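Structural overview
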Amino acid sequence: MLFGRLKKNPIKIADKPVVEWKYTTCGYCSTGCSIEVGVDANGEAITSRGVGSADVNRGKLCLKGIFEHELFRSSGRGRVPLIRKRFYEPFKETSWDKALDHSASEIKRIQETYGRDAFAIVSTGQIMTEEFYTLGKLARGVLGTNNYDGNTTLCMASAVSGYKRSFGSDGPPGCYDDFEHTDCLIAFGSNLPEQHPIIFWRLKQALEKRKFPVIVVDPRVTMLAQMADMHLPITPGTDVVLINSLMHVILDEGLEDREYINAHTSGYEEFIKIVEEYNPVMAAKICGIDEDTIRNVARTYAKAGAAMSIWTMGINQSTHGSDGVVNINNLNLVTGNIGKPGGTSLSITGQCNAMGTREWSSCSGLPGYRVLEKEKDREDIAKFWGIDPEFFPKKRGLFQTDIFPAIETGQIKGLWIVATNPMTSMPNTARIRKTLEKLEFLVVQDAYEDMETNEYSHVYFPASIWAEKEGCFTNTERRVNLIRNVIKPYAESKPDLWIFNEMAKRFEQGQKIKFPETTEGVFDELRQLSKGRMLDYSGMSYEKIESHRGIQWPCTEGAETGSPRLYTDGKFQHEDGKAKLIPLIFIDNNERPDDDYPFWLNTGRVVEHFHTRTRTGKVGNLNKFSPTPYMEMNPDAAKELGITHGSYARLTSRRGDAVVMVQLTQRVAPNSVFIPFHFHECVNRISLGLLDPHSRQPAFKQCAVKVEPATDQGTAAVRNKAARAF
Ligand code: SF4
């Protein structure tokens, strides 16, 4: 018997008339895939492909990367600067000079009237490192506002805070190559296949060569949990308890790496007193994982030759996200799993250049992991920029999540938003809307003029996007990679670097400081300022980065390439050179389900979309594959409430409500629901977002809601369609 067609008639994919392939790096997630964009004879970008010789992605791209060239001409792009007196009036088109002059004069008016800190800046994880550094120079060295932060407070602040507390500095110590060497991996609150598909593929590749146990800790049966050897469906927000109990077993059974603890850590005596309290019997009652499983995981991890932990928002977006990170570090310190192949604490970062902003933007301090609190750091940067060190504040100002409440209380009167969309991304949408309406002046700088936050602005700066400009991103594994300029900026949009430089010229102090006009000129300043420091860039150049397809810092002057791991010598950045073991007590301070609001609401991502869909909502295939906000609900819970698959349900929390289409699935427990966070007027109408005390990151992933069938399914469908069309 013959199967298939006798006569072969293969589908022919139309040849694309590419005349040149240009090297760049993906502008979505922090995996840092190398991409080549094909341009045609008219200079238009017509296709994208992965770069085979790049170690990160080895020729592969995920769905978002494959269609990335479509961004350049996607709908909603800002063509020209826009201006208006009041946010509810229609915009008028204006020139760049007028938009910049007016914005500079409003910044001066606000700062002269209310003080320098009354004008705030909220930036992003999306622009180039050189642009971050220049914005930092403008914010700290020219405007002198201390209320300057990035949207990375919504995603990576807990990882930064946890690394600093444990190791004395930010900087993920591991790399993707650790998958090739590890003997056990625990993923905490990280759904790699959807969030970071190419990192997941690297993990799969490693597993195909050499089997090792994969343990997933997540309240939801995610795609990663489905392929794991063990899935621990933890009670939301109780990671600190679980990890304390794992360490309790390890120390109780003498499975720790005593030599490493003695040589490279401090604080053991205090630490052990707390860990002793968290025996598995007690912990099981809080975190919902039975005591035998806790013991089994603890033994598996501690007995592995090398073991590693990865995590994402399941840890970071919690009222004790920073503690969660510290405790993962504690686990790896007591088992001697830092700085060795396959043994690490690797936070999987979110945005393409969240690392670049952490390193160079000066949001949390000064460039190159310097801090405002250290006199020497203030003096070094003041000298380099040619300003008085007294111009700098002596400690950092407000985080992004504290800037909006400060607008509410009248402390901040003006705001500059760069490539971020708080109207969709921040918890409690109604509250954010009220704060934006209250501002005397709001300038929004973004590639898309139709993003929701721009509805409240007085001036709009149309920014160029991704490879319409040139510069670097740093990925999750500290790899600096290059974005070459692929095509001309759209219409009259301008690179962010140009916008910051032009703004600086409009201030007296800005005219005294050197602002290089090219990104390569800025990169040279990064090389100088990083020399001899942990994040040493001095051995890199644009050509070298491109030829290596990305270089990991530190890369010292004269070195052939970068370093895959940090802390290989066991020396940390605290003054005594040791890592700190920090005892952590579980504080149960978040909202929990009760009789009135009986479900946990969990949020997360889908593979097709990135953040608030300002980009992926416009790219044809991505939006086609995932056009609608939806809610995963357990079939048993739905049956009790009379809710059916594909119908609309209304979710209510103490903050607001939203209507979503229901998808019945066993992936969520009967007392939980899950909604992707990408869609406007959806999950953040409901979320609470209590803040972590160390990182100020919101607990997006845990709040209490009630669910009921939407009474009018027709109206719900119309409302959903309207939200989708935005
Ligand atoms: Fe881009 Fe991330 Fe996809 Fe790689 S995995 S192509 S970096 S979105």
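This structure is a prediction, so every number in the text was calculated from the model and none was measured.

What about empty space enclosed by the protein?
Applying the stated criterion across every chain, the model contains eight cavities of 30 Å³ or more. For the largest cavity, the calculated volume is near 610 Å³. Taken together, 40 residues form the lining of the largest cavity, with Q126, N151, Q351, A419 and H611 sitting closest to its centre. Of all the secondary-structure elements, those providing two or more residues to the lining of the largest cavity are helix 18 (422–425) and strand 15 (441–446). Of the residues contributing to the lining of the largest cavity, the split by class is 18 nonpolar, 16 polar and six charged. Three or more residues apiece are contributed to the lining of the largest cavity by two domains, here domain 1 (13–150 + 352–405 + 412–419 + 428–439 + 461–557) and domain 3 (599–725). A volume near 240 Å³ is recorded for the second largest cavity. Every residue lining the second largest cavity is counted, 23 residues in all, and those nearest its centre are D218, P219, G314, N602 and K701. Taken together, the elements giving at least two residues each to the lining of the second largest cavity come down to helix 5 (192–195) and strand 21 (599–604). It is strand 21 that contributes the most residues to the lining of the second largest cavity, three residues altogether.

Here we look at helix 16 (residues 375–385)
Of the residues making up helix 16, those classed as buried are D377, R378, I381, A382 and W385. Here the buried residues of helix 16 occupy an arc of 125 degrees about the axis, which is enough to place them on one side. In this structure, helix 16 carries E375, K376 and K383 as exposed residues pointing more than 90 degrees from its buried face. For helix 16, the elements touching its buried residues are helix 3 (129–143) and helix 22 (519–530).

Details of the layout of surface pockets
The computed volume of the largest pocket comes to approximately 930 Å³. Along the wall of the largest pocket there are 37 residues; nearest its centre are V160, K164, D170, S364 and V371. Of all the elements in the fold, those that place two or more residues in the lining of the largest pocket are helix 4 (157–167) and helix 15 (354–360). Here the lining of the largest pocket is composed, by residue class, of ten nonpolar, 15 polar and twelve charged.

Comments concerning the sheet that holds strand 15
The strand order across the open sheet formed by seven strands is 5-4-16-15-14-6-7, and the pairing between neighbours is mixed. Each end of this open sheet is capped by a strand with a single partner; those strands are strand 5 (92–93) and strand 7 (148–150). As judged from the two bridges shared by strand 4 (residues 82–83) and strand 5, these two strands associate in the antiparallel manner. Bridge pairing in strand 5 places L82 opposite E93.

Some thoughts on helix 17 (residues 400–408)
Within helix 17, seven of the nine residues are buried, which leaves the element mostly enclosed by the surrounding structure. Buried within helix 17 are the following residues: Q400, T401, D402, I403, F404, A406 and I407. Here the buried face of helix 17 lies against strand 6 (119–123), strand 7, strand 14 (414–418), helix 18 and helix 19 (429–438). Backbone geometry just after helix 17 places G410 at a positive phi near 85 degrees.

Some thoughts on the nonpolar core
Formed by 120 residues in total, the largest nonpolar core has its most connected members in L138, L242, W416, F461, M503, M540 and W553. For this core, the leading source of residues is helix 8 (residues 239–252), giving eight residues. Residues lining this core come from more than one domain, with at least three contributed by each of domain 1 (13–150 + 352–405 + 412–419 + 428–439 + 461–557) and domain 2 (173–347). Look past the residues within four positions of W416 in its chain and what remains in contact with it is I107, F119, A120, I121, V122, L138, V443, Q445, F461, I499, F500 and M503. Core analysis: the second largest hydrophobic core is formed by 28 residues, I198, Y448, I465 and V619 among them.

Let's talk about the pattern of salt bridges
As enumerated under the stated definition, the model contains 49 salt bridges in all. Residue K505 pairs with E502 through a salt bridge whose shortest N-O separation is 2.7 Å. With K505 and E502 both in helix 20 (residues 496–505) and three residues apart, this pair spans about one turn of that helix. Among the residues examined, E502 registers a relative accessible area of 13% and is labelled buried. Through salt bridges with shared partners, a single ionic network connects D55, R58, R202, E477 and R479.

Side note on the packing of helix 3 against helix 22
Packed helices, taken two at a time, are described by the angle between their axes plus the distance between the axes. Taken N-terminus to C-terminus, the directions of helix 3 and helix 22 make an angle of 75 degrees; their axes are 9 Å apart at the nearest point. One way to sum up the angle between helix 3 and helix 22 is to call them roughly perpendicular. Of the residues in helix 22, those in contact with T129, E130, Y133, T134 and K137 of helix 3 are T519, V522, F523, E525, L526 and L529. Taken together, the residues of the contact of helix 3 with helix 22 break down into five nonpolar, three polar and three charged.

Overview of the environment of G562
Along the chain, G562 turns up in the loop between strand 19 (551–552) and strand 20 (579–580). For the pair G562 and N191, spaced 371 residues apart in the sequence, the C-alpha separation amounts to 29 Å. Contacts of G562, omitting those with residues within four sequence positions, involve I551, Q552, P554 and C555.

Structural notes on the domain arrangement of the chain
The domain boundaries assigned to the chain delineate domain 1 (13–150 + 352–405 + 412–419 + 428–439 + 461–557), domain 2 (173–347) and domain 3 (599–725). The contact between domain 2 and domain 3 buries some 1,900 Å² in all, and 49% of this surface belongs to carbon and sulfur atoms. Considering only the surface of domain 2 that becomes buried against domain 3, R220, Q317 and T319 emerge as the three largest contributors, covering 37% of it. The tally of links between domain 2 and domain 3 comes to two salt bridges. A salt bridge links R220 to E632, with the shortest nitrogen-to-oxygen separation between them at 2.9 Å. Summed over the shared surface of domain 2 and domain 3, the number is four residue pairs in polar contact (both at pLDDT 80 or more). Of all the secondary-structure elements, those providing two or more residues to the side of domain 2 that touches domain 3 are helix 5, helix 7 (223–227), helix 13 (313–316) and helix 14 (321–334). Across the side of domain 2 that touches domain 3, the residue classes break down as six nonpolar, 16 polar and three charged.

Calculation rules
The residue count restarts for each chain, going from 1 along the sequence in the order it is written. Residues qualify for local features only when their pLDDT is at least 70, as the model is predicted, and side-chain atom pairs are given and counted only at 80 or more; totals for whole chains, interfaces and linings, by contrast, use all residues. As a rule here, side-chain values come from all non-hydrogen atoms in the structure, and water together with hydrogens is ignored. Grid spacing is 1 Å over the protein atoms alone, the probe is 1.4 Å, and a cavity is where that probe fits but cannot get out, while a pocket is an open set with protein on both sides within 12 Å along at least five of seven lines and lining residues have an atom within 4 Å of a point. Grid points are joined across faces, edges and corners, and a volume is the space filled by probe spheres set on the points. Here a strand is any run of E in DSSP of at least two residues, a helix any run of H or I of at least four, and the numbering for each starts at the N terminus. Each residue receives one of three labels: charged for Asp, Glu, Lys and Arg, nonpolar for Ala, Val, Leu, Ile, Met, Phe, Trp, Tyr, Cys and Pro, and polar for the others, Gly being one of them. In this document the domain limits rely on a domain assignment from an automatic tool or a database. Categorising residues by exposure relies on relative accessible area from a 1.4 Å probe, with only protein chains included: less than 20% of the type maximum marks a residue as buried, more than 50% marks it as exposed, and the intermediate range marks it as partly exposed. Directions are taken from the helix axis to each C-beta atom, and the arc is the one they span. By definition in these notes, contact holds between two residues if any of their heavy atoms fall within 4.5 Å. Strands qualify as paired when DSSP identifies two bridges or more between them. Joining through side-chain atoms within 4.5 Å is the link that ties buried Ala, Val, Leu, Ile, Met, Phe, Trp, Tyr and Cys residues into a set, and such a set is a nonpolar core. Salt bridges are defined as contacts in which a side-chain nitrogen from Lys or Arg sits within 4 Å of a carboxyl oxygen from Asp or Glu. The angle between two axes is taken between their N-to-C directions and runs from 0 to 180 degrees, where each axis is a line fitted to C-alpha atoms and a helix contributes only its stretch in contact. Note that the term roughly parallel is reserved for angles under 35 degrees, roughly antiparallel for angles over 145, roughly perpendicular for angles of 65 to 115, and oblique for everything else. Buried area: the accessible surface (1.4 Å probe) lost by two parts on joining, summed over both. Between N or O atoms, a polar contact is any pair within 3.5 Å; within protein, one atom must be a potential hydrogen donor and the other a potential acceptor, and residues adjacent in sequence are included only when both atoms are from side chains.

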